[in-house]
Amino acid sequence: MELEVKTLDGAAAGSITVSDEIFGLDPRTDLIHRVVRWQLARRQAGTHKAKQRSEISGTTKKFVRQKGTGGARHGNKKAPQFRGGGKAHGPVVRSHAHDLPKKIRALGLRHALSAKVKSEGLIVVDNAAAIEAKTKALAASFAKLGLSNALVIDGSDLDRNFCLASRNIPAIDVLPIDGINVYDILRREKLVLTKAAVTALEERFK
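A brief structural summary. (Residues numbered from 1 in each chain as written. Predicted model: local features only at pLDDT ≥ 70, side-chain atom pairs only at ≥ 80, totals over all residues. Heavy atoms only, no water.)

## Brief notes about the pattern of salt bridges
Then, in step 1: Tallied over the entire structure, the rule returns six salt bridges.
Then, in step 2: For Asp30, the salt bridge identified is with Arg28, shortest N-O distance 2.7 Å.
Then, in step 3: Here Asp30 falls in the partly exposed class, since its relative accessible area comes to 38%.
Then, in step 4: Among the salt bridges present, the one from Glu55 reaches Lys49, with a minimum N-O distance of 3.0 Å.
Then, in step 5: Residue Lys49 is classed as partly exposed on the basis of its relative accessible area, which comes to 43%.
Then, in step 6: In this structure, a network of salt bridges that share partners links the residues Asp173, Asp184, Arg187 and Arg188. (Salt bridge = Lys/Arg side-chain N within 4 Å of Asp/Glu carboxyl O. Buried < 20%, exposed > 50% of the residue type's maximum accessible area, 1.4 Å probe, protein only.)

## Quick word on the sheet that holds strand β6 (residues 190–194)
Then, in step 1: One open sheet accounts for six strands, arranged β2-β1-β3-β6-β4-β5; its pairing is mixed. Bordering the open sheet on either side are β2 (12–17) and β5 (172–176), each of which pairs with just one other strand. Averaged over all pairs of adjacent strands, the angle between strand axes in this sheet comes to 30°, irrespective of strand direction.
Then, in step 2: Two strands pair when backbone bridges link them, and strand β1 (residues 2–6) and strand β3 (residues 122–125) are joined in this way by two bridges, in the parallel orientation. Bridge assignment links Lys6 to a residue of β3, and that residue is Val125.
Then, in step 3: Lying on the sheet, helix α7 (residues 195–204) is in contact with β1, β2, β3, β4 (150–154) and β6; it crosses β6 at an angle near 85°. (Pairing = 2+ DSSP bridges. Helix = DSSP H or I, 4+ residues; strand = E, 2+ residues; numbered from the N terminus. Axes fitted to C-alpha atoms, helices over the stretch in contact; angles between N-to-C directions. Contact = heavy atoms within 4.5 Å.)

## Brief notes about the packing of helix α2 (residues 29–43) against helix α3 (residues 102–118)
Then, in step 1: Between α2 and α3, the least distance of the axes is 8 Å, while the angle of their chain directions is 115°. The two elements α2 and α3 cross, and the hand of that crossing is left-handed. Here α2 contributes Leu31, Ile32, Arg34, Val35 and Trp38 to the contact with α3, which in turn contributes Ile104, Arg105, Leu107, Gly108, His111, Ala112 and Ala115.
Then, in step 2: Per-class residue counts for the contact of α2 with α3 are eight nonpolar, two polar and two charged. (Left-handed = near helix turned anticlockwise from the far one by under 90°. Nonpolar A, V, L, I, M, F, W, Y, C, P; charged D, E, K, R; others polar.)

## Notes on the nonpolar core
Then, in step 1: Counting 30 residues, the largest nonpolar core has Phe23, Leu113 and Leu193 as the members making the most contacts within it.
Then, in step 2: Broken down by element, this core gets its largest block of residues, five residues, from α2.
Then, in step 3: Filtering out sequence-adjacent residues up to four positions away, Leu193 remains in contact with Phe23, Leu122, Ile123, Val124, Val125, Ile153, Val198 and Leu201.
Then, in step 4: Listed in part, the 17 residues of the second largest apolar core include Ile123, Val125, Ile172 and Val192. (Core = buried A, V, L, I, M, F, W, Y, C linked by side-chain atoms within 4.5 Å.)

Shown next, in the form of structure tokens:
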């Protein structure tokens, strides 16, 4: 598959041949959905906590007389039905993470990349570097490429000026190739890959 390569200023910079096994698959939403659920479950803090009746400070003395009240014969103020009592079956601190095979995770990433190609949401640039860390100049370059909501993936080493300049632009994320993931690809309208990122992806899935 041939993909057009552009510069950050929107000019043509040739083309690049990419693998159909990474960028040319017919996207399967079920695989992508499984990977996104796995990612979000791992990210969930799981710090929710409600005190149960064994953790509540309260009297266990019989607090009403046995007969004549018309009520039940309660002997513990920590019971869930009383104000200030413990929560019945409340949330506890736990991990929400679940297992997902590595092959499914890798396949989900390939299908997410193919989905971006199919929806014309993938742009390949020759490099992601800035001469100086100026947000205004980088925003003008993004406007020429038609980028207002995008994820930029570069090689293993990010250009410092590019990172600093893009940091203050809303809805623009910059990640190294090691940080590429399905959720971030899907949450942005456009995916911008440098030639170095494409090469690293093909070596990764070789």
